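Survey of secondary and tertiary structure
One-letter residues, chain by chain:
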Amino acid sequence: MRWFLALFALGSVVSLPPSAPAQALTPAQIAAIDHSVADNLARRNSPSASVAVVRDGRIVFAKAYGRRAVSPDRPAEAGARYNIGSVSKQITATALLMLVDQGKLSLDDPVGRWLPELTDANRITVRQVLSHTAGYKGFFRSETMPVEATRPTTPQAVADHWGRLPLDYAPGTDWQYSNTDYTIAALIVEHITGQPLPTVLRQSIFQPLGMTSATAVYGRPMPAQDAQGYTRYALGPLRPAPIVADGWELGAGGLAMTATDLARWDQGVLAHRLLSAKSYAAQQKAVTLANGKAAPYGLGVF
């Protein structure tokens, strides 16, 4: 459904029962994690995984498994970054919600305040864009990467094309995952702040949370020291995943970090480090459609 995310190996955060104070894992717990990860890599035929364990608000364990690159063969390392794909959307949504908390916009503002050229821009709200209920046709809906994605573009060109097509449904009446929505969200952040989205994320989110490895990799392969992306066709061998060309991923994907920094991100959410309680509640509550039914999504999170 979201091929941005499907191309890359997993960075995960495991929550363990609390203890006071936080204790390091026992040999038996580490052995259980080792066994579980090895079993998953074997069953899925995945090249690698990176795991961070959080206990009592502290990262007490970090370990990588397998190979971060297949050819040439390079072992996985806990300090290697992984492309987190569409998990990037919750970080984009948080950047917009921070601006809401600062009084620079409202979730119920029309996107036409910043992008009046889009279809029905004056009746589609920021909330609907963040929740995939706007009706904008999403680009890249298939499991495989389309040829179009190998050609560089600009986020504005993406919005100008996909955001001017007829809507798939009336705003607020249905839910449909749409990468286009998050291109629009990113452009709104840039319009309000006057800065590129990666700069906003670095200054407002990554630095305050201590996410020192986090970066944007739009249109670029992962550096050799990081985990490489792989895919396969049916039951065939692993192949290097194609690189999404520059301009497509802004807001919708393309962020990379270590599992430890992904854990720091999750810790920030749990501790309400960046947003008001009201904004966190809005982000994590399923949105309600016009017919009264709940969609499977909040604002950037399932």
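This write-up is about the structure you can find in this document. (Residues numbered from 1 in each chain as written. Predicted model: local features only at pLDDT ≥ 70, side-chain atom pairs only at ≥ 80, totals over all residues. Heavy atoms only, no water.)

**Considering the environment of Leu165**
Tracing the backbone shows Leu165 in the loop between α5 (155-162) and α6 (179-193). On the basis of relative accessibility, which here comes to 24%, the residue Leu165 falls in the partly exposed class. Sequence separation of Leu165 and Thr119 is 46 residues, and the distance between their C-alpha atoms is 6.7 Å. Setting aside residues up to four positions removed in sequence, Leu165 forms contacts with Thr119 and Lys137. (Helix = DSSP H or I, 4+ residues; strand = E, 2+ residues; numbered from the N terminus. Buried < 20%, exposed > 50% of the residue type's maximum accessible area, 1.4 Å probe, protein only. Contact = heavy atoms within 4.5 Å.)

**Digging into the nonpolar core**
Ile91, Leu96, Leu130, Tyr136, Ile205, Phe206 and Trp265 are the most contacted members of the largest nonpolar core, which has 57 residues in total. When residues of this core are traced back to their parent elements, those giving at least two are α3 (88-101), α4 (126-130), α6, α7 (197-209), β9 (255-257) and α8 (259-270). Aside from chain neighbours lying at most four places away, what touches Trp265 is Gln90, Ile91, Thr94, Ile205, Leu209, Met211 and Leu274. The next biggest cluster of nonpolar side chains, apart from the first, holds ten residues, and it includes Leu25, Leu41, Val60 and Tyr65. (Core = buried A, V, L, I, M, F, W, Y, C linked by side-chain atoms within 4.5 Å.)

**Describing the environment of Asn291**
Following the sequence through the fold, Asn291 ends up in the segment after α9 (277-284). Since its relative accessible area comes to 49%, Asn291 is described here as partly exposed. The spatial distance from the C-alpha of Asn291 to the C-alpha of Asp109 is 21 Å, given a sequence separation of 182 residues. Within polar-contact distance, the side chain of Asn291 engages the backbone nitrogen of Lys293 at 2.9 Å. (Polar contact = N/O pair within 3.5 Å; in protein donor to acceptor, adjacent residues only side chain to side chain.)

Just geometry here; none of it tells us what the structure is for.
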